[in-house]
Amino acid sequence: AQSVSQHNHHVILSEAASLELGCNYSYGGTVNLFWYVQYPGQHLQLLLKYFSGDPLVKGIKGFEAEFIKSKFSFNLRKPSVQWSDTAEYFCAVRDDKIIFGKGTRLHILP
Amino acid sequence: DVKVTQSSRYLVKRTGEKVFLECVQDMDHENMFWYRQDPGLGLRLIYFSYDVKMKEKGDIPEGYSVSREKKERFSLILESASTNQTSMYLCASSEGRANYGYTFGSGTRLTVV
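Residues numbered from 1 in each chain as written. Chains lettered and ligands numbered in written order. Predicted model: local features only at pLDDT ≥ 70, side-chain atom pairs only at ≥ 80, totals over all residues. Heavy atoms only, no water.

1. Some remarks on the overall build of chain A
Then, number 1: The helix and strand inventory of chain A stands at zero helices and 12 strands.
Then, number 2: Reading chain A from its N end, one meets helices and strands in the order β-β-β-β-β-β-β-β-β-β-β-β.
Then, number 3: A compact globule built from 110 residues should have a C-alpha radius of gyration of about 13 Å, and chain A, at 13 Å, falls within 12% of that.
Then, number 4: Structurally, chain A occupies a C-alpha span of about 40 × 25 × 20 Å along its principal axes.
Then, number 5: The burial tally for chain A puts 48% of its 110 residues in the buried class.
Then, number 6: Sequence-distant contacts, at least 24 apart, represent 53% of the contacts inside chain A between residues at least 6 apart. (Helix = DSSP H or I, 4+ residues; strand = E, 2+ residues; numbered from the N terminus. Rg over C-alpha atoms; globule rule 2.2 N^0.38 Å. Buried < 20%, exposed > 50% of the residue type's maximum accessible area, 1.4 Å probe, protein only. Contact = heavy atoms within 4.5 Å.)

2. Concerning the state of the cysteines
All names here are of chain B.
Then, number 1: Evaluated as defined, the whole model comprises two disulfides over all chains.
Then, number 2: Residue pairing for Cys23: its cysteine sulfur links by disulfide to Cys91, the two sulfurs lying 1.9 Å apart. Taking the sign of the torsion about the S-S bond as the criterion, the disulfide between Cys23 and Cys91, at about -75°, is left-handed. Of this pair, Cys23 sits in strand S4 (residues 23-25) while Cys91 is found in strand S10 (residues 87-94), placing the two residues 68 residues apart along the sequence. The pair Cys23 / Cys91 is uniform in exposure class, with both members buried. (Disulfide = S-S within 2.5 Å.)

3. Things to note about the interface of chain A and chain B
Then, number 1: Taken together, the contact pairs 19 residues of chain A with 26 residues of chain B.
Then, number 2: Summed over the three residues of chain A that lose the most area to chain B, namely Arg94, Lys97 and Phe100 of chain A, the buried surface amounts to 28% of that side.
Then, number 3: Of all the secondary-structure elements, those providing two or more residues to the side of chain A that touches chain B are strand S5 (32-38), strand S10 (87-94) and strand S11 (98-100) of chain A.
Then, number 4: It is S5 of chain A that contributes the most residues to the side of chain A that touches chain B, four residues altogether.
Then, number 5: Classifying every residue of the side of chain A that touches chain B by side-chain character gives eight nonpolar, five polar and six charged. (Buried area = accessible area lost by both parts, 1.4 Å probe. Nonpolar A, V, L, I, M, F, W, Y, C, P; charged D, E, K, R; others polar.)

4. Focus on the pattern of salt bridges
Then, number 1: Counting across every chain of the model gives 11 salt bridges over all chains.
Then, number 2: Between Glu22 of chain B and Arg73 of chain B there is a salt bridge, with its nearest N and O atoms 3.8 Å apart. Of this pair, Glu22 of chain B sits in the loop between strand S3 (19-21) and S4 while Arg73 of chain B sits in strand S9 (residues 73-78); the two residues are 51 residues apart in sequence, bridging distant segments of the chain.
Then, number 3: Accessibility expressed as a relative area gives 39% for Arg73 of chain B, which makes it partly exposed.
Then, number 4: Several salt bridges converge on common partners, so that one network encompasses Lys58, Glu64, Glu66 and Arg77 of chain A. (Salt bridge = Lys/Arg side-chain N within 4 Å of Asp/Glu carboxyl O.)

5. Some words on the side chain of Glu64 of chain A
Residues and elements named next belong to chain A.
Then, number 1: Relative to the elements of secondary structure, Glu64 occurs in strand S8 (residues 64-68).
Then, number 2: Owing to a relative accessible area of 18%, Glu64 belongs among the buried residues under this scheme.
Then, number 3: Of note is the side chain of Glu64, whose polar atom sits 2.9 Å from the side chain of Lys58.
Then, number 4: Other than its neighbours up to four places away in sequence, Glu64 contacts Leu48, Leu56, Val57, Lys58, Gly59, Asn75, Leu76 and Arg77. (Polar contact = N/O pair within 3.5 Å; in protein donor to acceptor, adjacent residues only side chain to side chain.)

6. Points about the nonpolar core
Then, number 1: Core analysis: the biggest nonpolar cluster contains 29 residues, and Leu33, Trp35, Leu47, Leu48, Phe74, Leu76 and Tyr89 of chain A have the highest contact counts within it.
Then, number 2: No other element matches S10 of chain A, which puts four residues into this core.
Then, number 3: Sequence-distant contacts of Tyr89 of chain A, that is, excluding residues within four places in its chain, are made with Gln6, Leu21, Trp35, Tyr36, Val37, Leu47, Phe63, Leu76, Gly103, Thr104 and Leu106 of chain A.
Then, number 4: The next biggest cluster of nonpolar side chains, apart from the first, holds 20 residues, and it includes Leu11, Ile60, Leu76 and Tyr89 of chain B. (Core = buried A, V, L, I, M, F, W, Y, C linked by side-chain atoms within 4.5 Å.)

Written out as structure tokens, the structure reads:
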């Protein structure tokens, strides 16, 4: 069965720090990978997705993620975070349905 | 823009009540999903549906049922609400079976007392 593991449950950074949120998945077939974000009080939104092609995927708001097949990883990165990036981030994998990780709460200190 | 609308933002129900959570999408999507979101547990799939009158169990279907009589509407039913069903419930829809992300509704925060 598929599973998704997010390494950190809670991350606290200062503004302008660099961000990397870890995500590993277990699935042997062709994967479709996603990162979703949930800002406080808002619904889940798609941040970026990988289906095929260039393993470095760029998303909205300066986020990017790199698919490394050999490591079953899809880590989310941002070179310089802002206070407005405070949110919960979910990694997800899909074949016929999406399986979500447990989420990482990111708190950015102003 | 695709819209997924959940009928209630907040709901308080008593133990043992039958509860209906409604979800409607306006983009003719085939697939619809119900998740519950709990702190530290992420999103867990309750039920999903690939077409009208079709339904499949997700990872935690116990205590729930669903109804999909029309393509645009997917209802989650708690047959006899219990306090451990207090949660945030999220509805989502998507086109096709793969290569698409979901569009989520705003969620219904259900409290069972």
